[in-house]
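Overview (structure and organization)
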Amino acid sequence: MSEEFSLRFWGVRGSTPTPGTGTLRYGGETSCLEIRAGNARMLVDCGSGARNLGMELCQKKQSADMDILFTHTHLDHICGLPFFWPAFDPDSQINAWAGHFEEPELKLADVVNRIMSPPVFPLAAKSLKALSFCDYQVGSELPVCGDATVRTMRLNHPGGACGYRIEFQGKVICIITDHEHGNVEIDAKLPGFVEGADIMIYDAMYTDEEYETYIGWGHSTWQKAVELAREAEVKTPVLFHHDPRRVDDELDEIGTAAADVYPGTLVAKEGLILKP
Ligand SMILES: [Zn+2]
Ligand SMILES: [Zn+2]
């Protein structure tokens with residue numbers, strides 16, 4: 001039995017994939033994190049970055065049994081699913097979880113059916129043979145495979161989003177995206193939810209100065225990330241969900257400024273592997 005607990009970034013960008021010379025170092029793929037906890041594998045989101053992971057799993061002929069924990073179903077977080085090869089494998093078992101819907105009649109399967117049906121996409125959602133759709137009530141603990149504990153919390157985002165707290169062997173990884181600070185009730189709960197985390201991935205799409213223009217768009221700032229990290233005694237905050245306009249040099253500057261305020265702060269980068 002493996003004791004490994006690790007996190008790998010396959011996509012760190014928000015909103016839309018952004019290939020190009022300005023994003024070579026941090027990467028242009030959208031939200032996708034791979035977490036290994038012992039022998040279990042979890043993906044948080046299936047943005048465009050998931051395609052590369054899928055190809056790697058198929059090439060290495062590794063088991064593709066896993067849980068996919070969706071933070072929510074905005075396109076940048078699900079657009080990789082129709083290109084995620086393991087999901088089409090009838091011999092694999094992938095449980096896909098979503099709990100963010102504010103309308104009780106909405107189901108994850110309906111959303112995937114919408115993006116995978118003609119004339120939007122050539123293949124129907126039913127061709128994702130490995131997938132089981134698991135809708136849950138946000139706030140509940142998820143019975144994922146393996147020995148990790150997965151807790152969930154409602155975040156402040158248009159249409160809803162779920163934060164995750166994943167614990168394994170006494171270590172903690174939290175994922176707080178997509179999220180906008182400023183909701184009194186959620187702001188009051190969040191420090192307790194991420195308390196003592198070894199790693200906290202946080203929606204740091206904007207700077208405080210930029211945020212003034214984007215109030216209500218559902219995202220937060222790197223300054224709020226470090227503020228929360230300090231309050232909740234998080235070891236390593238990781239700035240995530242980079243604005244598609246943000247080029248590598250700007251992310252370098254933000255990373256330096258954030259680490260000056262809160263030493264240990266990192267900027268999420270495609271290919272980066274962290275072990276809590
Ligand atoms: Zn997003
Ligand atoms: Zn979103």
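Structure's up top.
The rules behind these values
- Residues numbered from 1 in each chain as written.
- Chains lettered and ligands numbered in written order.
- Predicted model: local features only at pLDDT ≥ 70, side-chain atom pairs only at ≥ 80, totals over all residues.
- Heavy atoms only, no water.
- Axes fitted to C-alpha atoms, helices over the stretch in contact; angles between N-to-C directions.
- Helix = DSSP H or I, 4+ residues; strand = E, 2+ residues; numbered from the N terminus.
- Parallel < 35°, antiparallel > 145°, perpendicular 65-115°, else oblique.
- Left-handed = near helix turned anticlockwise from the far one by under 90°.
- Contact = heavy atoms within 4.5 Å.
- Phe/Tyr/Trp six-rings, centres within 6.5 Å; stacked < 30°, edge-to-face > 60°.
- Buried < 20%, exposed > 50% of the residue type's maximum accessible area, 1.4 Å probe, protein only.
- Lys NZ or Arg CZ within 6 Å of the ring centre and 35° of its normal.
- Pairing = 2+ DSSP bridges.
- Donors = N, O, S within 2.8 Å, 3.2 Å for Na, K, Ca; no water.

**Notes on the packing of helix α4 (residues 184-194) against helix α6 (residues 222-232)**
- One way to put it is that α4 packs onto α6 with a least axis distance of 9 Å and a crossing angle of 60 degrees. Regarding the angle of α4 to α6, the classification is oblique. Viewed along their axes, α4 and α6 form a crossing whose handedness is right-handed. Counting all contacts with α4, which are made through L190, P191 and V194, the residues of α6 involved are L228, E231 and A232.

**Concerning the packing of aromatic side chains**
- For the structure shown, the criterion picks out six aromatic pairs.
- Centroid distance F83 to F121: 5.6 Å. Interplanar angle 85 degrees. Geometry classified as edge-to-face. Taken together, the positions of F83 in the loop between α2 (75-78) and β5 (94-98) and F121 in the loop between α3 (108-115) and β6 (131-135) put the pair 38 residues apart, joining distant regions of the chain.
- Here F83 falls in the partly exposed class, since its relative accessible area comes to 41%.
- Counting every residue linked through ring pairs, the aromatic cluster contains Y206, Y214 and W217.
- Taking NZ or CZ as reference, R8 lies 4.1 Å from the ring centre of W10, over its face.
- It is K269 that lies over the ring of Y26; its NZ or CZ is 5.0 Å from the centre.

**A few points about the sheet that holds strand β10 (residues 171-176)**
- Read from one edge of the open sheet, seven strands run β7-β8-β9-β10-β11-β12-β13, paired in mixed fashion. In this open sheet, the two strands that pair with only one neighbour each are β7 (141-142) and β13 (266-267).
- Where strand β12 (residues 236-240) meets β13, two bridges bridge the pair, whose relative direction is parallel. Across the sheet, residue L239 finds its bridge partner in β13, namely V267.

**Things to note about the sheet that holds strand β3 (residues 40-44)**
- Ordered by their spatial adjacency, seven strands build an open sheet running β6-β5-β4-β3-β2-β1-β14, and the pairing between neighbours is mixed. Both edges of this open sheet fall to β6 and β14 (273-274), since each of them pairs with a single strand only.
- When strand β1 (residues 5-11) meets β14, the two strands line up antiparallel, connected through two bridges. Pairing of L7 across the sheet is with L274, part of β14.
- Its contacts with the sheet put helix α1 (residues 50-59) on β1, β2 (32-37), β3 and β4 (66-69), and the angle it makes with β1 is roughly 120 degrees.

**Details of the coordination of the zinc ion (ligand 1)**
- Protein coordination at the zinc ion (ligand 1) comes from D76 (OD), H77 (NE2), D178 (OD) and H241 (NE2), with a distance range of 2.1 Å.
- Look at where the donors of the zinc ion (ligand 1) fall in the sequence and you get D-H-x100-D-x62-H.
- A distance of 3.5 Å spans the gap from the zinc ion (ligand 1) to the zinc ion (ligand 2), which D178 bridges by coordinating each metal. A residue pair is termed long-range when its members are at least 10 positions apart, and D76 in helix α2 and H241 in the loop between β12 and α7 (248-261) qualify at 165 residues.
- For H241, a relative accessible area of 0% corresponds to the buried category.

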